[in-house]
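Residues per chain are reported as follows:
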Amino acid sequence: MTTATATLPTLTAGTWAIDTTHSTVGFSVRHLMVSKVRGTFNDFSGAITVAEDGTPSVTAEIQVASIDTKNEQRDGHIKSADFFDAEQFPTATFVSTDVRSKGDDYVLTGDFTLHGVTKQVELTLEYNGVNPGMGNGPVAGFEASTVLNRKDFGISIEMPLEGGGAVVGDKITITLEIEAGLQA
């Protein structure tokens, strides 16, 4: 079944650069089977390019070493070869391949590369509209999320707990809160 690529209403053709000051790339992962550790990536960039026909495409890059879970020791371990191996694989990238309507929201599909592995992922995307901005041109807002399995990307460290379960869960919830400005 072929789906038509969706257009986002009121999103003017051109390049919309992600405003990292007003955007967040966050995640959460199950810890000790009973709670969640949350964190962010503080160094990222990207753009939404809207064609003349209104068709959007998205590219993004995350500097993996910019992970911040508010615990330096944990962050150091996550950057190590046990997890991200940030020295060998310093960036994660996303390149969209499709966007389609799903009720009032959208599904953004694309190729996500992490830890040297590329997989197709789908993000649930909420388009929050456009605002005239504060003197620097219009801004658009988006929220997106997906759940990834770290093992799909070759991050397969096992840290079992006595009595069953694991220190770190396999599923990672990614949440994006994005503000992007139309470039002149």
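Per chain, residues are indexed from 1 in the order of the written sequence. Where totals are concerned, whole chains, interfaces and linings use all residues; where local detail is concerned, this predicted model gives features only for residues with pLDDT of at least 70, and gives and counts side-chain atom pairs only at 80 or more. To obtain the side-chain values, all non-hydrogen atoms of the structure were used and water was disregarded.

Novice: Describe the overall build of the protein, with residues and values.
Specialist: Only DSSP runs of H or I reaching four residues or more are called helices, and only runs of E reaching two or more are called strands; each is numbered from the N terminus. Of regular secondary structure, the protein possesses one helix and eleven strands. In the protein, the succession of α and β elements from N to C terminus is β-β-β-β-β-β-α-β-β-β-β-β. For the protein, with 184 residues in total, the buried portion stands at 39%. Two residues form a contact once any of their heavy atoms are found within 4.5 Å. A separation threshold of at least 6 residues defines the contact pool for the protein, and within that pool the share at least 24 residues apart is 57%. Burial status follows relative accessibility: with a 1.4 Å probe on protein chains alone, a residue under 20% of its type maximum counts as buried, one over 50% as exposed, and anything between as partly exposed.

Novice: Before we move on, could you go through the packing of aromatic side chains and cite the residues and values that matter?
Specialist: Aromatic ring pairs are defined here through the distance separating the ring centres and the angle between the ring planes. By convention, a stacked pair of Phe, Tyr or Trp rings (six-membered ring in the case of Trp) has centres within 6.5 Å and planes under 30 degrees apart, an edge-to-face pair has planes over 60 apart, and any other such pair is tilted. All chains considered together, the criterion is met by four aromatic pairs. Plain terms: the ring middles of Phe41 and Phe84 are 6.0 Å apart, the flat faces sit at 50° to each other, and that makes the pair tilted. Of this pair, Phe41 sits in strand S3 (residues 35-41) while Phe84 sits in the loop between helix H1 (72-79) and strand S7 (91-102), and the two are 43 residues apart along the sequence. Seen in terms of ring centroids, Phe112 and Phe153 are 5.6 Å apart; in terms of plane orientation they differ by 75°. Their pairing is edge-to-face. On the criterion of sequence distance, the pair formed by Phe112 in strand S8 (residues 105-114) and Phe153 in the loop between strand S10 (139-149) and strand S11 (168-182) is long-range, its members being 41 residues apart. The pair formed by Phe112 and Phe153 is uniform in burial state, with each residue classed as buried. By the ring-pair criterion, three or more aromatic residues cluster together here, those being Phe27, Phe41 and Phe84.

Novice: Tell me what's going on with the confidence of the model for the protein, and back it up with residues and numbers.
Specialist: With 85% of its residues at a pLDDT of 70 or more, the protein has an overall mean of 88. Ranking the elements of the protein by mean pLDDT puts strand S2 (residues 24-31) last with 85 and strand S4 (residues 44-50) first with 97. Values of pLDDT, ranging from 0 to 100, describe the predictor's confidence in every residue of the model.

Novice: Lay out the nonpolar core with the relevant residues and their values.
Specialist: Buried Ala, Val, Leu, Ile, Met, Phe, Trp, Tyr and Cys residues form a nonpolar core when they are joined through side-chain atoms within 4.5 Å. Core analysis: the largest hydrophobic core is formed by 41 residues, its most contacted members being Leu11, Ile48, Phe84, Phe112, Leu114 and Phe142. Considering each element in turn, this core owes the most residues, five residues, to S11. When neighbours within four sequence positions are excluded, Leu11 is seen to be in contact with Trp16, Ile48, Val50, Tyr127, Val130, Ala140 and Phe142.

Novice: Give a description of the side chain of Ser66 that names residues and reports values.
Specialist: Along the polypeptide, Ser66 turns up in the loop between strand S5 (56-63) and strand S6 (67-68). For Ser66, a relative accessible area of 13% puts it in the buried group. In the analysis that follows, any N or O atom pair within 3.5 Å is treated as a polar contact, provided that within protein one partner can donate a hydrogen and the other can accept it, and provided that, for residues neighboring in sequence, both atoms belong to side chains. Separated by 3.1 Å, the side chain of Ser66 and the backbone nitrogen of Asn42 make a polar contact. Of note is the side chain of Ser66, whose polar atom sits 3.0 Å from the backbone nitrogen of Asp43. Once you skip the residues sitting within four places of it in the chain, Ser66 turns out to touch Thr40, Phe41, Asn42 and Asp43.

Novice: Any details on unusual backbone geometry? Residues and values, ideally.
Specialist: You will see that Lys70, though not glycine, has its phi angle at about 65°, which is positive. With respect to the element layout, Lys70 can be found in the loop between S6 and H1. A residue is classified by how much of its surface remains accessible, and Lys70, at 77% relative accessible area, is exposed. For Asp85, which is not glycine, the phi dihedral falls at a positive 50°. On the secondary structure map, Asp85 appears in the loop between H1 and S7.

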